[in-house]
Every structure is written in structure tokens, then in C-alpha cells.
Amino acid sequence: MDVDPGRMEELARRLNESPAVEGAYVKPPAEPATVLDTRPTDQSASTTANFRSRQHYLDAAPVGIDADYAWSLPGGRGAGVKVIDCEWGWNSTHEDLKANNIGLVGGSSSANDHHGTAVWGEIGGDDNGIGIKGISPDSALGASSFVGQSTAGAIKKAADSLTAGDIILLEIHRRGPNGGGGGQQGYIAIEWWPDDFTAITYAVAKGIIVVEAAGNGWENLDAAVYNTPGSGFPTGWKNPFRLANPSSGAVVVGAGDPPSGTHDRTISPWNQPYVDRARCGFSNWGERVDAQGWGWEVTTTGYGDLQNGAHDQLYTDTFSGTSSASPIVTGALAVTQGVLKAKGMPLMTSPRARTLLRQTGSPQQSATGRPSSQRIGNRPSLKQLIPAALKQWVWGRTLSYCYCLTTSQGAWAFVKDIGWRRLHSGTADGISNMFTVCCNQQSTAGQVNVLMDDRYIYAIMQA
């Protein structure tokens, strides 16, 4: 509800007196989860250079996420995957954001469009030989704005515009119970508020992956203060930052340092030395945080500190915050979905994406005053993430054909709607047993559950 600011608390109190109301509460204003970095380079140019060599977050692990590996695979550029960014403003006419831009699905774009433009560039900047290159350049990029919509309403609008396997990114944080000091201190991930939590779970239940910035509040999300519900929260509310409690299912992303020497810099604007994959000092941390991306020194579209001039030709070297970290994880998930889609494999859900990001990647490192026990998770490595995503149980399928050679270990089965896979049991006599199951199920058109990847069937059982 939109209410006169002077009447908010009174109206919430009156609503909570009604037995028809489960909860009514006042939410603090929200902001983009970025950190101001004002170090200028300010190069004006009439023709844009190629800045790919400055996008080290694309490089091989552990420095980057191994984007080149993904791009070498069918579907590894994110084709067929839609990503909707939820925040405030975007420049949809930027020279590096034209190829796969589907525009707004809800709300209106703010005139202050640098932040959203930078996010779009990281995820899906055009592969056109100039400027930057997005992690998932063939994915379709859309937006659902918080201008003209509530945060929960914008999330739901995005979810209703997508299908299972697509991705929503939440580029937002809000002042939490420890807020009220200077700047963004105490700002936290928005799933702590019940309406936003409900909107996220709605999207996740549709099979959509939701990626959520952990926030730049310098906060330990495991702190006991987050167990206490806000005034007016519904009676059954439980702290979503606790893994033992009901989860929104979103992938929560923290911010980690880039390697020392990135862009010839060894220290952050806040005078903390860069230690690759150590927690950025501002980044929230805790058991709820699933993965990290670069929190400083991100080269992308917008702002104008790397290249200034016309609005459609602005580029930055210094995008930062959990705002810059979250699109890196989003892009990694988008190309992984593209590979799965190209190979006919089931797409990741948001909970499976969380699990795989925790099981793979380049480990978090410690820095002075920022130990790895302050969890922000691993930096994604697509050389690990994609093979892990491909190996999965596929449920309730039929086998169209079976085939074997007279030589040892030479047997194949055709999984309907997926294709041929070689049987690979790992034991000397296992192939014969697996092939017998395959033939029996194929002859009776019975359904099977199969553990498989893009090359092999590792286990098979009757459904």
C-alpha cells in the first residue's frame, strides 16, 4: 500500500488490529546494492575500443569464471534463456545492449539508468567486437522496474513473464534492524521481509532461478538480531537467513575481492588490500550466502569512468558491490542453462543451482580481518559447474532403443527426448546388468530413472 509517510505506523497498527489481517508492516526504502567508486580514468572516444581484455572476471579460474570454456560448448552462450533484472533504470539503446534486449515487462525505467545498464552489460553485453562482452551474450535481457511497482509486485511481474529455467536477478537491498548508521551499513537481502520472501518463493515454485544480492551492509546474517520479526510481521514468520528455517530458494550472492593488480590497482577505495576471493569489507556474510562474484573493478557498460561521451557509449572499470557480484553469478547460471537446454537435459531449478554453486567453484580466501569463516561462498568456475549440472538423475523416461557391441563395455541406450548415451557402470560386470535392465524396459515401454550426463548413463533403475 502507498501511504502518506506520516501515517504509515498508525495505519499498520490499525490494520494489525483486524482479525482479517495476517500482518501489516512498514518497509524501509530500498536501494541498488552498489558501492560508490569514484576513481576516474575518463577517456572520451568517438569510436569505442574493445575492452574485453579488462574483463578479467571472464578469465580462467580461479581469477575468473572460465567463460571461454562455456562459449566453446553448444548452448554455452545462453541461447534460449531469458534473464529479467529487477531494479530501477536501464539504457536499452546502449550500443552494447541491442542484440537480445526484450525491454521492460513491468514498471517504468528511471532516468538514472547507469546501475541497471552496468548489470545488463555484465550478463548479456553484445558480442560485437567493441566495448565489453557479456557472460551470456545470447540470452534475452529484460527488466521489471521498482518504479511504479512494489518490490514484491515487480518480482511477481517478472516471474509471470518467464518460464521454468529462466532467471530473475534482484539488484536491491534494504535497511535492516541494524541499519540507521551511515550509508548502507546494516542493509540486508530483501527476502527478510515477508512480502518479498513470498514473491521469491512464487518465482522459485515456477521453476525460475532467482539470484539475490546479499547486500552491502557489513552484516553477519547469522546474527541473532535477524531471528526477531519486524513489527507487524505475520505470526508464523521465521528468519529466512537460517538454513534450518523455510527457504525462499533464491541464490544469495556475496562480494569478493578481485586479484591484486587488477587494472593496476592493489587496494580498494576503502584502503583494504585486494586478496583474491576474500570477502569485500562491505559484503554481508553468513551461512545463507551461496556464492560470490567480483565486488570491485568490474568492467561493463554505463557510468563513463572508463569511456565518457555520448550516453549510449559509456563504459566503466569500477562497477562494484554485491550489485556487481550478483550479475557474474547470474551470467554463469544462464550459460549453464543454455548448455543443458542445447543437450536436451532438464534445466536447473533454483535450489539445484544453490547446491551446485556450493559444491563447485574456486574457494573463498581469507584476508586480514576478513577470515573465510565469514562465508560468502565460492566464485563460480564454469569448467566445474557445467559438468556437475549435466550429471543428474532424469526421472520417468522411456528408452526408445538399445544397442551393444560384442566387445566388452560397449553398450548404449537412447533416452527418449534426450538421445543416445553410452552405459558406464564403473564395474567389470555392471554393463551387462545395466543393459539387461535397458532391454527389459525398452521392450515393455516401461519408465526408468537414469543417472546420466551428456555422454554416459551411470545408473538406471525401474521407475
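The sections below set out a description of the structure shown in this document. (Residues numbered from 1 in each chain as written. Predicted model: local features only at pLDDT ≥ 70, side-chain atom pairs only at ≥ 80, totals over all residues. Heavy atoms only, no water.)

1. Regarding the environment of Leu390
- Position of Leu390 relative to the elements: it lies in helix 8 (residues 382-390).
- If near-sequence neighbours (up to four positions away) are discounted, Leu390 is found in contact with Val339, Leu340, Lys343, Met345, Met452, Asp453 and Asp454. (Helix = DSSP H or I, 4+ residues; strand = E, 2+ residues; numbered from the N terminus. Contact = heavy atoms within 4.5 Å.)

2. Re the pattern of salt bridges
- Taken as a whole, this structure holds 21 salt bridges when the rule is applied.
- Arg77 serves as the salt-bridge partner of Asp127, at 3.0 Å between the closest nitrogen and oxygen. Of this pair, Asp127 sits in the loop between helix 3 (114-124) and strand 5 (140-145) while Arg77 sits in the loop between helix 2 (67-71) and strand 3 (82-87), and the two are 50 residues apart along the sequence.
- Classification of Asp127 as partly exposed rests on a relative accessible area of 41%.
- For Asp127, the salt bridge goes to Lys133, with nearest N and O atoms at 3.5 Å. (Salt bridge = Lys/Arg side-chain N within 4 Å of Asp/Glu carboxyl O. Buried < 20%, exposed > 50% of the residue type's maximum accessible area, 1.4 Å probe, protein only.)

3. Examining the packing of aromatic side chains
- Under the defined criterion, the tally for this structure stands at 22 aromatic pairs.
- Relative to Trp296, the ring of Phe282 has its centre 5.3 Å away and its plane inclined at 85°; by these criteria the two rings are edge-to-face. With Phe282 in the loop between strand 10 (251-256) and strand 11 (291-294) and Trp296 in the loop between strand 11 and strand 12 (298-301), this residue pair connects regions lying 14 residues apart in the sequence. An identical accessibility class is assigned to Phe282 and Trp296; each is buried.
- Here Trp393 and Trp395 contribute two aromatic rings whose centre-to-centre distance is 5.4 Å and whose plane-to-plane angle is 20°, an arrangement assigned as stacked.
- Given a relative accessible area of 55%, Trp395 falls into the exposed group.
- Members of the aromatic cluster, each reached through a chain of ring pairs, are Tyr25, Trp192, Trp193, Tyr226, Phe233, Trp237 and Phe241.
- Positioned above the aromatic ring of Trp193, the side-chain terminus of Arg174 is 5.0 Å from the ring centre. (Phe/Tyr/Trp six-rings, centres within 6.5 Å; stacked < 30°, edge-to-face > 60°. Lys NZ or Arg CZ within 6 Å of the ring centre and 35° of its normal.)

4. Observations concerning the side chain of Asp113
- Its location among the elements puts Asp113 in the loop between strand 4 (101-106) and helix 3.
- Although Asp113 is buried, it makes no salt bridge; Lys98 carries the closest opposite charge, 14 Å away.
- In terms of polar contacts, Asp113 uses its side chain to reach the side chain of His311, at 3.0 Å.
- When near neighbours in sequence (up to four residues on either side) are disregarded, Asp113 contacts Gly89, Trp90, Asn91 and His311. (Lys, Arg positive; Asp, Glu negative; His and termini not counted. Polar contact = N/O pair within 3.5 Å; in protein donor to acceptor, adjacent residues only side chain to side chain.)

5. Focus: the sheet that holds strand 1 (residues 30-31)
- Spatially, 1-7-8 is the arrangement adopted by the three strands of the open sheet, whose pairing is antiparallel. Edge positions in the sheet fall to strand 1 and strand 8 (187-188), since each has one partner strand and no second. (Pairing = 2+ DSSP bridges.)

6. Here's the deal with helix 8
- Looking at helix 8, one finds that the buried residues are Leu382, Leu385, Ile386, Ala389 and Leu390. The buried residues of helix 8 occupy an angular sector of 125° when the element is viewed end-on, so they sit on one face.
- Contact partners of the buried residues in helix 8: helix 2, helix 6 (322-342), helix 7 (350-359), strand 15 (392-397) and strand 19 (448-452). (Arc of directions from axis to C-beta.)

7. Topic: the pairing of strand 18 (residues 419-423)
- Judged from the four bridges that link them, strand 17 (residues 411-415) and strand 18 form a sheet pairing that is antiparallel. Counterpart to Phe414 in the pairing with strand 18 is Trp420.
- Here strand 17 folds back onto strand 18, and the loop between the two strands holds three residues, one of which, Asp417, carries a positive phi near 70°.
- Note: strand 18 against strand 20 (residues 456-462), two bridges, orientation parallel. Looking across to strand 20, one finds that Arg422 is bridged to Tyr456.

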